[in-house]
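The primary structure of each chain is shown beneath.
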Amino acid sequence: MAVSEDGAVSEETEVQQRYREVRARVDEACARVGRDPGEVHLLPVSKTKPVELVRELHAIGVTTFGENKVQEVVAKHEATPDLPDLCWSVIGHLQTNKARDVARVATELQTLDSVKLATALERRLQAEGRGLDVHLQVNSSGEESKFGLAPEDVPALARELTAFDSLRVVGLMTLAAPGPDTEVVAACFERVRRLQQVLGEDDRAAGSYDRLSMGMSGDYELAIAHGSTCVRVGTAIFGSRPPVNDYAHYWPEGRPGS
Ligand SMILES: *Cc1c(COP(=O)(O)O)cnc(C)c1O
């Protein structure tokens, strides 16, 4: 149950209500630019939030959740043996020593950015007899503090990935530049969209590039206007996270280059 500001009581929990509100805004953003809302997946990002909130969303039919730490995926997976249809999308930077857990419990990895990681994943996936949907992560803002490949380096990785049978390349993922400058953020999204087109026309690139994972709580409506097919929304659904070193949330394995 949730009580709104004007005192109205609803049967929905707060997180269920917020999910529906964000979904409605996603649909409206689609309508504004003439897109079919069915094209845009809303991925709730449950990192740092208790598994009870995952259960509340599962109760209204949400089955896929984004997490950026593999340890947290494993813990939440183990806490939900009664929900076999739950799927976990890993959206944080991954070190090769975590490949085994990803191969075991994740259904998707949005942050593939090296042949080294692909090699580790392929070996573990073969051992598990599983496949994994992957997005290639693009550093669209050019910030040194971000993981992901420079746009010009993505086609080479895309070609090398044809050798990895367990990895299904489904698209590209990016984090836009932070901050309120809409033009700068939009330019990041457009860079990824251009790259999507290049890869789609490259016969030697592995997989398909239909999916674009772009947009978070602060910029998902803009991302939808620029072609996003998956918005990763944490705060706007689950509320704010503890204000600890934000790097720990985005890059649990440490800063890029460190
Ligand atoms: C945490 C996180 C999100 C969600 O961020 P919010 O601003 O809370 O919506 C999206 N993408 C990645 C990669 C994240 O780590």
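Residues numbered from 1 in each chain as written. Predicted model: local features only at pLDDT ≥ 70, side-chain atom pairs only at ≥ 80, totals over all residues. Heavy atoms only, no water.

Caption draft 1: Quick peek at the overall build of the protein. Within the protein, the secondary structure is distributed over 10 helices and 10 strands. The C-alpha radius of gyration computed for the protein amounts to 18 Å, which stays within 12% of the reference 18 Å derived for 258 residues, consistent with globular compactness. For the protein, the C-alpha atoms occupy an extent of roughly 60 × 40 × 35 Å along the three principal directions. Relative to its 258 residues, the protein shows a buried fraction of 50%. At a minimum sequence separation of 6, the contacts of the protein that also span at least 24 residues come to 63%. For the protein, the accessible surface area stands at approximately 12000 Å², while carbon and sulfur atoms represent 49% of it. Computed over 29 positive and 40 negative side-chain charges, the inter-centroid distance for the protein is 4 Å. (Helix = DSSP H or I, 4+ residues; strand = E, 2+ residues; numbered from the N terminus. Rg over C-alpha atoms; globule rule 2.2 N^0.38 Å. Buried < 20%, exposed > 50% of the residue type's maximum accessible area, 1.4 Å probe, protein only. Contact = heavy atoms within 4.5 Å. Areas by Shrake-Rupley, 256 points an atom, 1.4 Å probe, with all protein chains shown as cover. Lys, Arg positive; Asp, Glu negative; His and termini not counted. Charge placed at Lys NZ, Arg CZ, Asp CG, Glu CD.)

Caption draft 2: The arrangement of the UniProt feature "modified residue: N6-(pyridoxal phosphate)lysine" (unreviewed entry) in the protein in detail. Following the UniProt record, one finds the feature "modified residue: N6-(pyridoxal phosphate)lysine" (unreviewed entry) at Lys-47. Secondary-structure assignment places Lys-47 in the loop between β3 (41–44) and α2 (51–58). Judged by relative accessible area, which is 5%, Lys-47 ranks as buried. (UniProt positions renumbered as here; feature names shortened; annotations may be inferred.)

Caption draft 3: Expanded view of unusual backbone geometry. Even without glycine at this site, Thr-48 takes up a positive phi of about 70 degrees. Considering the arrangement of structural elements, one finds Thr-48 in the loop between β3 and α2.

Caption draft 4: Spotlight on the nonpolar core. Judged by nonpolar contacts, the single largest core of 67 residues is most densely connected at Leu-112, Leu-121, Leu-136, Leu-161, Leu-167 and Leu-172. Leaving out residues up to four positions away in the same chain, Leu-172 has contacts with His-135, Leu-136, Val-138, Val-154, Val-192, Leu-195, Gln-196, Leu-199, Tyr-209, Arg-211, Leu-212 and Ser-213. Grouped together as the second largest cluster of nonpolar side chains are six residues, Ile-91, Met-173, Leu-175 and Cys-230 included. (Core = buried A, V, L, I, M, F, W, Y, C linked by side-chain atoms within 4.5 Å.)

Caption draft 5: Fine view of the site of the ligand. Around the ligand lies a shell of 13 residues, among which Lys-47, Ser-217, Gly-234, Thr-235 and Arg-241 are the nearest. The separation between an oxygen atom of the ligand and a polar side-chain atom of Lys-47 is 2.7 Å. In this structure, an oxygen atom belonging to the ligand sits 2.5 Å away from a side-chain N or O atom of Ser-217. Taken by itself the ligand offers 390 Å² of open surface, and the protein chains cover 96% of this. Of the residues contributing to the shell around the ligand, the split by class is six nonpolar, four polar and three charged. (Near = heavy atom within 4 Å. Polar contact = N/O pair within 3.5 Å; in protein donor to acceptor, adjacent residues only side chain to side chain. Nonpolar A, V, L, I, M, F, W, Y, C, P; charged D, E, K, R; others polar.)

Caption draft 6: Layout of the pattern of salt bridges. Enumeration according to the criterion identifies 15 salt bridges in this entry. Between Glu-14 and Arg-18 there is a salt bridge, and its shortest N-O distance comes to 2.8 Å. Residue Glu-14 and its partner Arg-18 are located together in helix α1 (residues 14–32), separated by four residues, close to a single helical turn. For Arg-55, the salt bridge identified is with Asp-82, shortest N-O distance 2.8 Å. (Salt bridge = Lys/Arg side-chain N within 4 Å of Asp/Glu carboxyl O.)

Caption draft 7: Quick look at the packing of aromatic side chains. Taken as a whole and assessed by the stated rule, the structure comprises one aromatic pair. With centroids separated by 6.0 Å and ring planes inclined at 45 degrees, the aromatic side chains of Phe-65 and Trp-88 adopt a geometry described as tilted. Of this pair, Phe-65 sits in strand β4 (residues 64–67) while Trp-88 sits in strand β5 (residues 87–90); the two residues are 23 residues apart in sequence, bridging distant segments of the chain. Assessed through its relative accessible area of 0%, Phe-65 is described here as buried. (Phe/Tyr/Trp six-rings, centres within 6.5 Å; stacked < 30°, edge-to-face > 60°.)

Caption draft 8: Highlighting the environment of Asp-219. Here Asp-219 shows up in the loop between β9 (211–213) and α8 (220–225). The spatial distance from the C-alpha of Asp-219 to the C-alpha of Val-233 is 9.6 Å, given a sequence separation of 14 residues. When near neighbours in sequence (up to four residues on either side) are disregarded, Asp-219 contacts Ala-176, Val-185 and Phe-189.

Caption draft 9: Here's a closer look at the UniProt feature "domain: Alanine racemase N-terminal" (unreviewed entry) in the protein. Under the local residue numbering, the UniProt record ascribes the feature "domain: Alanine racemase N-terminal" (unreviewed entry) to residues 24–242. The span residues 24–242 shows a helical share of 38% and a strand share of 18%, and its end C-alpha atoms are spaced 27 Å apart.

Caption draft 10: Fine view of the packing of α1 against α2. With their axes 9 Å apart at the nearest point, α1 and α2 run at an angle of 55 degrees to one another. In terms of their interaxial angle, α1 and α2 are classed as oblique. Relative to α2, α1 is oriented so that their crossing is right-handed. Within the contact between the two elements, α1 uses Val-15, Gln-16 and Tyr-19 and α2 uses Leu-53, Glu-56 and Leu-57. Of the residues that constitute the contact of α1 with α2, the class distribution is four nonpolar, one polar and one charged. (Axes fitted to C-alpha atoms, helices over the stretch in contact; angles between N-to-C directions. Parallel < 35°, antiparallel > 145°, perpendicular 65-115°, else oblique. Left-handed = near helix turned anticlockwise from the far one by under 90°.)

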